[in-house]
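# Understanding the architecture of this molecule
Chain by chain, the residues:
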Amino acid sequence: MFKKQKKEIKYLVGDASISTKFLKPFHEIICDFLSKFSEEILNDRRTKKFPDVKTLGFWCRKKNILNLKKKFSSKELRLGLGLIFHVTPSNVPTNFAYSLIFGLLTGNSNIVKVPSKNFPQIDIICAVLKKVLKFKKYTIIKKMITIIKYSKNDEFSKKISSISDARLIWGGDETINKFKEFRTPERSKDITFSDRYSFSIINSENILKINNFELNLLLNRFYNDTFLVDQNACSSPRLIVWTGKKINQAKLKFWKRLNEVVSKKYDLPEVAAIDKFSHLCKDAIKNKNFKKFKTFSSYIY
């Protein structure tokens, strides 16, 4: 499909000869492929260090895919659009896989641009994809997946955009505006994910009232929203708003117990710890009202 590109275009899965095949949504072979992919991910020893990859494998297991299929079921005759160009965000390493999976489930061929930054999670997922695609029965799917990595190559982005039946642009406002400069076919569709932020509101009385089981459940959910993606997802809270009359007491209990959870589950590299402390110092310099902070460990302060 494309002429031989310069070295900066790296094909992680597939090659330049991707075809624009399309199937009906939730086609049996696609569901079977994802079930096998889930098995391989969950059995891969490398995922022990990366809970976000483990979560991906659990999410696309057969039971969940069939549940999604049931919700999607319709009496209408449906087919995929054709070729989907996925421009995935640079801050969540597993996002590209979810985007690809939805592209496959809706019956489309997919070109997926992953972050130019190196993430071990991307390498693991792509290695498992290539392993499963070697099975002969998945030959048709092999022609529906191309995963590429490149940086600052507008010419290549233009070429892909010019033949895409749809684009999923995840990178926020700046990326959306950049890709809108590239011409697409007249009937092509764009699905964009603009900048957005989340915050959490916590009632202090409830924190002090709930039992250990309920608190552990809350803390683990907070951990999943925040630490699995290093507070980079749009669903990760950037601000915590405390309400009620016993705020100081509740905050101490919440952060102390969360620190225990994080210490057991989270791997904080030395470079990340330094970056985190540097960011704190910058905030202290910029904010005149910043007088003191509470430290629980290098994980939380």
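## Some thoughts on the pattern of salt bridges
A full pass over the atoms with the stated rule returns 10 salt bridges. Residue Lys178 is joined to Glu181 by a salt bridge in which the shortest nitrogen-to-oxygen separation is 3.8 Å. Residues participating in the shared-partner salt-bridge network are Lys36, Glu40 and Lys131.

## Re the environment of Tyr11
Structurally, Tyr11 can be placed in strand β1 (residues 10-13). For the pair Tyr11 and Ile148, spaced 137 residues apart in sequence, the C-alpha to C-alpha distance is 4.6 Å.

## What to know about the sheet that holds strand β2 (residues 83-87)
Taking strand neighbours across the sheet as the criterion, the six strands line up as β1-β4-β3-β2-β5-β6 in an open arrangement whose pairing is mixed. Looking at the sheet topology across the chains shown, the edges are occupied by β1 and β6 (189-192). Pairs of neighbouring strands in the sheet enclose a mean axial angle of 20 degrees, with direction left out of account. Pairing geometry for β2 and strand β3 (residues 109-114), over five bridges, is parallel. Paired with Ile84 across the bridge in β3 is Asn110. Across the sheet, helix α4 (residues 95-105) touches β2, β3, β4 (145-149) and β5 (166-169), and the angle it forms with β3 is around 170 degrees. Helix-sheet contacts for helix α7 (residues 154-163) involve β1, β2, β3, β4 and β5, and the interaxial angle to β2 is about 145 degrees.

## Digging into the pairing of β4
Most of β4 sits out of view: five of its five residues are buried. Burial of the side chains of β4 extends over both faces: Ile145, Ile147 and Lys149 are buried on one face and Thr146 and Ile148 on the other. Note that β1 and β4 share three bridges and pair antiparallel. Following the sheet pairing, Val13 is matched in β4 by Ile147. Bridging between β3 and β4 involves five bridges; their strand directions are parallel. Each bridged residue has a counterpart across the sheet, and for Asn110 the counterpart in β4 is Ile145.

## Some words on the state of the cysteines
Taken as a whole, this structure holds zero disulfides when the rule is applied. You can see Cys126 has no disulfide; the closest cysteine sulfur is in Cys60, sitting 14 Å from it.

## Notes on unusual backbone geometry
Of note, Phe26 is a non-glycine position whose phi angle comes to about 55 degrees, a positive value. Within the secondary structure layout, Phe26 lies in the loop between β1 and α1 (28-43). We note that Lys152 has phi near 50 degrees; this positive angle belongs to a residue other than glycine. Tracing the sequence through the fold places Lys152 in the loop between β4 and α7.

## Digging into helix α11 (residues 247-265)
Helix length check: α11, at 19 residues, gives a terminal C-alpha distance of 26 Å against a target of 27 Å (1.5 Å per residue), a fit within 8%. Burial in α11 covers these residues: Ala250, Phe254, Trp255, Arg257, Leu258, Asn259, Val261 and Val262. Where α11 is buried, its residues meet β7 (198-203), α9 (204-209), α10 (212-226) and β8 (237-243).

So, how was this worked out
Residues numbered from 1 in each chain as written. Predicted model: local features only at pLDDT ≥ 70, side-chain atom pairs only at ≥ 80, totals over all residues. Heavy atoms only, no water. Salt bridge = Lys/Arg side-chain N within 4 Å of Asp/Glu carboxyl O. Helix = DSSP H or I, 4+ residues; strand = E, 2+ residues; numbered from the N terminus. Pairing = 2+ DSSP bridges. Axes fitted to C-alpha atoms, helices over the stretch in contact; angles between N-to-C directions. Contact = heavy atoms within 4.5 Å. Buried < 20%, exposed > 50% of the residue type's maximum accessible area, 1.4 Å probe, protein only. Disulfide = S-S within 2.5 Å. Expected span 1.5 Å × (residues − 1).

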